[in-house]
Amino acid sequence: MDKREFLKASGLALTGTMLTPFASGQSSNPAESAQRSPATRKNWSGNYTYSTDRLDTPASVEEVQAAVKRARKIRALGTRHSFNAIADSAVEQISLQHLDQMVIDPAARTVTLGAGVTYGKLAPYIDSHGFALHNLASLPHISVVGGCATATHGSGMRNRNLSSACSALELVTANGDRLTLSRAKDPDHFAGSVIGLGALGIVTSLTLDLIPTYQVEQVVYQDLSFDELEHNLDTIFGSGYSVSLFTDWQNHRATQVWIKRRVDPDKPYTWPQEFYGAKRATQNLHPVTGHSAESCTEQRGIPGPWYERLPHFRMNFTPSSGSELQTEYFVPREHAYEAIRAVEQLRDRITPHLFVTELRTIESDSLWMSMAYQRPSLAIHFTWKPEWPAVQKILPLIEAKLAPFEPRPHWAKLFTLPPAAVQSRYVKLADFKELLRQHDPDGKFRNAFLETYLYNA
Ligand SMILES: Cc1cc2nc3c(=O)[nH]c(=O)nc-3n(C[C@H](O)[C@H](O)[C@H](O)COP(=O)(O)OP(=O)(O)OC[C@H]3O[C@@H](n4cnc5c(N)ncnc54)[C@H](O)[C@@H]3O)c2cc1C
């Protein structure tokens, strides 16, 4: 792998000014020509420029099969919310945005959806039929399939990541065949396939478990001393269905605590004015101090549908300018306090380049490539200003501080951990690679990111 390929692969933020897309070797056969869509050549944040301008946009599963069959190399592209090279291809990408059907099976309590469906589209639809999901990420704009492929998560001591709701998936494998896998029929392979990193094939549809719909209310408290976390961390994070702490790492405190409670009509709840010394906010707040809360979900204890409270950001608003970078490390929850204190030592390096840090908890699961695989976790997230040269220098320092806790980086965000370190964190990696060998023996779905983080030592 040459320097350029390594850089592209290495989970690093690369701006269009650092690397421009390179030619993809278009076929002279019109049937092989993928559509070009210059507008989608960058990811959502704009920090990453994809390496090909070939983008297939099939309208049916049959067209997906045909595209995969003829492609030499191909990668699925969702809603482009990843910050690193995971969705990139040097040859061809395929977007399933037109596969947007949703079918509820009320008896089985499941919904089967096309790969083009976002959480923002799915949530009101299932809610209108009396159903809900167990959790959501901080924003609803991402595709369900892309979220599941990278172990996207929300918060909650007992909430597993979003892919844990997946009970079946259909994908197109390297030879163009359709393959259906389900939790019930293929328990072992299924656990390896859900968080597939786009490597197993092009997922055309997913089936998700549903639960009865519910209401949520959320309240925000300001200024929680980190001292309170030393002995009360589990109680603080367990004080709601989903709890997030935000901090700028200064003054040894969380600037905001967002607590989301499920409403139990039989047990009305009165929110206290104080929470471990933190004061209840009197107005809606944006997690980044000083930013307008217009884009944020309602926080004044007013009940609302689960999908309008669990995300921090409302569907019809872009959470921020989009000009931001994100990093996130998962550490075992038993070491959460020590890990927070370790990162805090870098506060004066971190804060000048940071919009905000969010601390969340995620329940462990048994999905092979999950950042929470067999580890109840604390996720330490950084929303950075778009200042990659500075951020790039800080990440190794944070990773060194977290090294004793064996951090697992979020697959879709920015990190600088060496491939060997990443690989060492996944005990089922060999099994996952065997699964890939079976379904994609020639590496049709492999890109430079996967070569680096799954195969290079
Ligand atoms: C503002 C913002 C907020 C975020 N908040 C959260 C959060 O709260 N929690 C969290 O965990 N993450 C969060 N993320 C990260 C985000 O959830 C992941 O980047 C997720 O992968 C985005 O899905 P996508 O469809 O945009 O994926 P893309 O970036 O398009 O692709 C990601 C991966 O999914 C694969 N993929 C997509 N479609 C398919 C398919 N049909 N078949 C096979 N593979 C496929 C791609 O190949 C690629 O490997 C956030 C990102 C942003 C920009």
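Now for a quick tour of the structure. (Residues numbered from 1 in each chain as written. Predicted model: local features only at pLDDT ≥ 70, side-chain atom pairs only at ≥ 80, totals over all residues. Heavy atoms only, no water.)

1. Considerations on the nonpolar core
Alright, step 1. In terms of nonpolar packing, the biggest core is built from 139 residues, with Trp306 and Trp411 touching the most fellow members.
Alright, step 2. Excluding residues that lie within four positions of it along the chain, tryptophan 411 makes contacts with Asn84, Ile86, Thr150, Leu197, Met369, Met371, Val422, Tyr426, Phe449, Tyr453 and Leu454. (Core = buried A, V, L, I, M, F, W, Y, C linked by side-chain atoms within 4.5 Å. Buried < 20%, exposed > 50% of the residue type's maximum accessible area, 1.4 Å probe, protein only. Contact = heavy atoms within 4.5 Å.)

2. With respect to the pairing of strand 8 (residues 178-182)
Alright, step 1. Sheet analysis places strand 7 (residues 166-172) next to strand 8, joined by five bridges and oriented antiparallel. Bridging from a neighbouring strand, leucine 169 pairs with leucine 181 of strand 8.
Alright, step 2. With antiparallel pairing between neighbouring strands as the criterion, strand 7 and strand 8 make up a hairpin whose turn holds five residues, including glycine 176 at a positive phi of roughly 90°. (Pairing = 2+ DSSP bridges. Helix = DSSP H or I, 4+ residues; strand = E, 2+ residues; numbered from the N terminus.)

3. Overview of the packing of aromatic side chains
Alright, step 1. Applying the stated criterion across every chain, the model contains 16 aromatic pairs.
Alright, step 2. Arranged with centres 6.2 Å apart and planes meeting at 20°, the rings of tryptophan 249 and phenylalanine 382 form a pair that is stacked. Of this pair, tryptophan 249 sits in the loop between strand 12 (242-247) and strand 13 (253-262) while phenylalanine 382 sits in strand 19 (residues 377-384), and the two are 133 residues apart along the sequence. Accessibility classification places tryptophan 249 together with phenylalanine 382 in one group, the buried group.
Alright, step 3. Taken together, a centroid distance of 5.1 Å and an interplanar angle of 5° make the contact between phenylalanine 382 and tryptophan 384 stacked.
Alright, step 4. Taken together, the aromatic side chains of Phe226, Trp249, Tyr329, Phe382 and Trp384 make up a single cluster linked through ring pairs. (Phe/Tyr/Trp six-rings, centres within 6.5 Å; stacked < 30°, edge-to-face > 60°.)

4. Section: the pattern of salt bridges
Alright, step 1. Following the criterion strictly, the structure yields 18 salt bridges and no others.
Alright, step 2. A salt bridge links aspartate 248 to arginine 253, with the shortest nitrogen-to-oxygen separation between them at 3.0 Å.
Alright, step 3. Across the salt bridge formed by glutamate 344 and arginine 341, the nearest N and O atoms sit 2.8 Å from each other. A residue pair is termed a helical-turn pair when its members lie 3 or 4 positions apart in one helix, as glutamate 344 and arginine 341 do in helix 7 (residues 336-344) at three residues.
Alright, step 4. Of the residues examined, glutamate 344 reaches a relative accessible area of 4% and is grouped as buried. (Salt bridge = Lys/Arg side-chain N within 4 Å of Asp/Glu carboxyl O.)

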